[in-house]
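Results of the structural survey
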Number of protein chains: 2
Amino acid sequence: MSETKSLQEAFQEAPVKLAGHGPRNAAVLQAAFAAVDSGMESDMYGAGAVIEDFQEEMAELLGTEAAVFFPSGTMAQQIALRIWSDRMNLQAVAYHPLCHLEIHEQDGLKELHHLKPLLLADEERLITLEDVKSIAEPIACLLLELPQREIGGQLPEYAELEAIAAYCRVQNIRLHLDGARLLEVLPYYGKTAAEVCSLFDSVYISVYKGIGGIAGAVLAGGRDFTEEAKIWKRRHGGDLISLYPYIIPARYYYRQRAEKMGLYYEQAKDLAAMFNGCHKVSTLPEAPVSNMFHVYFGVDRERLEPLLVRFYEETGVGLTARLKERSGGRCSYEVSIGDLYGTLSQAEIQAAFRRLDELMRQIG
Amino acid sequence: MSETKSLQEAFQEAPVKLAGHGPRNAAVLQAAFAAVDSGMESDMYGAGAVIEDFQEEMAELLGTEAAVFFPSGTMAQQIALRIWSDRMNLQAVAYHPLCHLEIHEQDGLKELHHLKPLLLADEERLITLEDVKSIAEPIACLLLELPQREIGGQLPEYAELEAIAAYCRVQNIRLHLDGARLLEVLPYYGKTAAEVCSLFDSVYISVYKGIGGIAGAVLAGGRDFTEEAKIWKRRHGGDLISLYPYIIPARYYYRQRAEKMGLYYEQAKDLAAMFNGCHKVSTLPEAPVSNMFHVYFGVDRERLEPLLVRFYEETGVGLTARLKERSGGRCSYEVSIGDLYGTLSQAEIQAAFRRLDELMRQIG
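Residues numbered from 1 in each chain as written. Chains lettered and ligands numbered in written order. Predicted model: local features only at pLDDT ≥ 70, side-chain atom pairs only at ≥ 80, totals over all residues.

Next up on the list: the sheet that holds strand S8 (residues 217-221) of chain A. All names here are of chain A. Strand order in this open sheet of seven strands is S2-S8-S7-S6-S5-S3-S4, and the pairing throughout is mixed. The outermost strands of the open sheet, each flanked by one partner alone, are strand S2 (66-70) and strand S4 (116-119). Taken over all neighbouring pairs, the strand axes of this sheet differ in orientation by 20° on average, direction set aside. Note that strand S5 (residues 141-145) and strand S6 (residues 174-179) share five bridges and pair parallel. Paired with Leu142 across the bridge in S6 is Leu175. Here helix H3 (residues 49-62) sits on the sheet and contacts S2, strand S7 (202-206) and S8; the angle it forms with S2, its principal contact strand, is near 125°. (Pairing = 2+ DSSP bridges. Helix = DSSP H or I, 4+ residues; strand = E, 2+ residues; numbered from the N terminus. Axes fitted to C-alpha atoms, helices over the stretch in contact; angles between N-to-C directions. Contact = placed C-beta atoms within 7 Å.)

What follows is the structure in structure tokens.
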């Protein structure tokens, strides 16, 4: 029976999941809305207490003059780069080859804004100061993603980040932070959000990664920047009559989880060590620097999927619904630690990993 | 005391409002979310039952092959025009001078898509077949808005609409329907949504006008069109991980109100007649053709505002929070009939209008 069951089915049926905050279902919304007064008024096209108060709270968190709530990070970041491009009168911007704008947005930056990205570093590693110094033409803006999600959530050392920021300032290059998971890296850096953001000219954070809201993003910077961003938000079709269906959950889950990022980070390190203790299993990075990392199995998908289905069925622990095929006959998936991990006992987790190690050894 | 009270304050304090469905507050969402099972799964980047089922239901309503849920009409309509422009290899499109894309979107169509709108007719009247025939250059697409909101929600006669559609077909001009308020005009036309939409190549409807959802739009047409629209939706930053906070209320209030459009239309005609019976008050159109119309007062704002504040305080009936200044020392505001109107007794309404007439006569 388990031979024909797909990994996704087996994952869904597994009573326990190791990562995440739990299912994205109506209950997530219902809980957030049950916590507000029914008379609380909607925002109206960017105005009103519900959006303005949250924007102020986020600006304070990030240490910027102002912040704007967006329906998506895709919209917020294209707009940030467009504003810097217009101000510098340069169409070239620079980012990592696995930047969200390059691989997940159907080339919106190019098709809508006609910007020309230079790709720095390569798909296997972070952007370094040397990469930035090697840029041979004038650029308006450099985008850095902290942590760099598509390579397991790696981070530059803080001194390197400071050096890049200092170099950009001297070279008159605007520095934008893709901080989708900014809060998640603060425990590793031992910095406040405002300290990290002070190195950047503009910042985007997501409200549904570690925070676990429904959708939405915050774009922050100087007030002239955010006011211009609001005009572009209208142009993109993102200045909705009402964004409170996203803002209320963002605020609700931010209050619950902002302080837990240190816990998630510690749990991620523990969990990565257990994966690394299994035969032919490793993590990237080996020691996580946030709540996230990638798990690599040195086995091809054809052999790995039935093994994982069996593992989910035997232990009741689901790891992932999908595997990504990688070079060298390997597979990987992404882990982001959330509230679920803390609901498991160490004994359960250790028993599961003993079984994973056994199954991986059987496969050879 | 009432001298210093603003129109907006007086309106907010008025216990009864004549138009609309009621306040846009958290209760609107709480009611919609309470009606779904807490285990109902979120949509994920456009996939999943919650979004796919609603899109199918809307495609069936509109008689099109397919439909796509968008966070906003702004996004949906720019994308529709862009697709037709690309396919026809023409940057020119045509629409009314008071089209939403021309006056409410910070020129997104021009700034993001580089399209060149020709403005047909003028700000006082509808686009006619003669206007369309007078277009002197090739255009990709003509956008018609039914009803034309900014002139009180006027409509062409159905035969004129059919003639325009036939002309566009012959001339190889794509015809796009801005049907933000399409459901609201069906009782006047005596047609189904699918019948009206059959005249068009693509259609947008809003889920928060007469339907009274939170925000969001549906873009419908052939499947090749909607599949291309999904790519542009991703580019615009509108392909959110989760749109269910808008889809659930859209479906919930659609079920409650789709059948009430005829009632709203009848009520709008009654109400307009009462306004037209008051001294120096008139409506545009004189006889509404949907649930909406504009009310014109032949008095300047300086004299009208204190009069309306007094009217709200004396009768308890609020008309509007804001007035628009018009040529010839007049003021106007927009009425959209919704559920609130039916909660008032005819006696209450008639007493209020007797008082409005008296106050307008006192002013001279």
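Now that the structure is up, let's keep going.
All names here are of chain A. One open sheet accounts for four strands, arranged S9-S10-S13-S12; its pairing is antiparallel. Because the sheet does not close on itself, it has two edges, and the strands there are strand S9 (281-284) and strand S12 (324-326). Neighbour to neighbour, the strand axes of the sheet diverge by 35° on average, direction disregarded. Two strands pair when backbone bridges link them, and S9 and strand S10 (residues 292-297) are joined in this way by four bridges, in the antiparallel orientation. Counted as the bridge partner of Thr283 is Val295 from S10.

It is worth spelling out the relation of the copies chain B and chain A at this point. With an RMSD of 0.0 Å, the fit of chain B onto chain A corresponds to turning through 180° and sliding 0.0 Å along the axis. Expressed as an axis order, the relation between the two copies is that of a two-fold axis. Rotation axis and chain B: the residue whose C-alpha lies nearest the axis is Leu112 of chain B, separated from it by 2.5 Å. Of all interface residues in chain B, 100% are interface residues in chain A too; the two copies therefore contact each other through one and the same surface. (Least-squares fit on C-alpha atoms with pLDDT ≥ 70 in both.)

Once that is clear, we can look at unusual backbone geometry. Residue and element names in this part refer to chain B. Pro147 follows Leu146 through a cis peptide bond whose omega is -10°. Note on placement: Pro147 falls in the loop between strand S5 (141-145) and helix H8 (158-171). With an omega of -5°, the peptide bond running from Leu284 to Pro285 counts as cis. Note on placement: Pro285 falls in the loop between strand S9 (281-284) and strand S10 (292-297). With phi around 55°, Asn89 is a residue other than glycine that occupies positive phi space. Locating Asn89 in the fold gives a position in the loop between helix H4 (73-88) and strand S3 (92-95). At Gln106, a position not held by glycine, the phi torsion is positive, near 50°. Residue position: Gln106 is located in the loop between helix H5 (100-103) and helix H6 (108-113).

The subject of this paragraph is the interface of chain B and chain A. Contacts between the two partners involve 40 residues from chain B, matched on the other side by 40 residues from chain A. Per element, the largest residue contribution to the side of chain B that touches chain A is five residues, and it comes from helix H2 (residues 26-34) of chain B.

All names here are of chain A. Most of S2 is tucked away: five of the five residues are buried. Of the two faces of S2, the one holding Ala66, Val68 and Phe70 and the one holding Ala67 and Phe69 are both buried throughout. Inspection of the sheet shows S2 paired to S8 by five bridges, in the antiparallel sense. Bridge pairing in S8 places Phe69 opposite Val218. (Buried ≥ 20, exposed ≤ 12 C-beta atoms within 10 Å, placed from the backbone.)

Turning next to the pairing of strand S7 (residues 202-206) of chain B. Residues and elements named next belong to chain B. Across the five residues of S7, five count as buried, placing the element largely inside the fold. Side chains of S7 alternate between two faces, with Ser202, Tyr204 and Ser206 and Val203 and Ile205 buried alike. Note: strand S6 (residues 174-179) against S7, four bridges, orientation parallel. Across the sheet, residue Leu177 finds its bridge partner in S7, namely Val203.

Before going further, it helps to examine the domain arrangement of chain A. All names here are of chain A. In terms of domains, chain A is made up of domain 1 (7-22 + 260-363) and domain 2 (43-241). Here the C-alpha centroids of domain 1 and domain 2 sit 30 Å apart. At the interface, 15 residues of domain 1 touch 15 residues of domain 2. Those elements that provide at least two residues to the side of domain 1 that touches domain 2 are helix H13 (261-276) and S10. Counting residues per element, the side of domain 1 that touches domain 2 draws most heavily on H13, at four residues. Tallied by class, the residues present in the side of domain 1 that touches domain 2 amount to nine nonpolar, six polar and no charged. (Domains from an automatic or database assignment. Nonpolar A, V, L, I, M, F, W, Y, C, P; charged D, E, K, R; others polar.)

Here we come to the packing of H2 of chain B against helix H12 (residues 244-257) of chain B. Residues and elements named next belong to chain B. Interaxial distance between H2 and H12 falls to 9 Å at its minimum, and their mutual angle equals 85°. In terms of their interaxial angle, H2 and H12 are classed as roughly perpendicular. Across the interface between the two elements, Val28, Leu29, Ala32 and Phe33 of H2 pack against Ile248, Pro249 and Tyr252 of H12. (Parallel < 35°, antiparallel > 145°, perpendicular 65-115°, else oblique.)

Where helix H2 (residues 26-34) of chain A meets H2 of chain B, the axes come as close as 10 Å, and the angle between the chain directions of the two elements is 145°. Like other packed secondary-structure pairs, H2 of chain A and H2 of chain B cross with a definite hand, here left-handed. On H2 of chain B, the residues that touch Ala26, Leu29, Gln30 and Phe33 of chain A of H2 of chain A are Ala26, Leu29, Gln30 and Phe33 of chain B. For the contact of H2 of chain A with H2 of chain B, the residue count by class is six nonpolar, two polar and no charged. (Left-handed = near helix turned anticlockwise from the far one by under 90°.)

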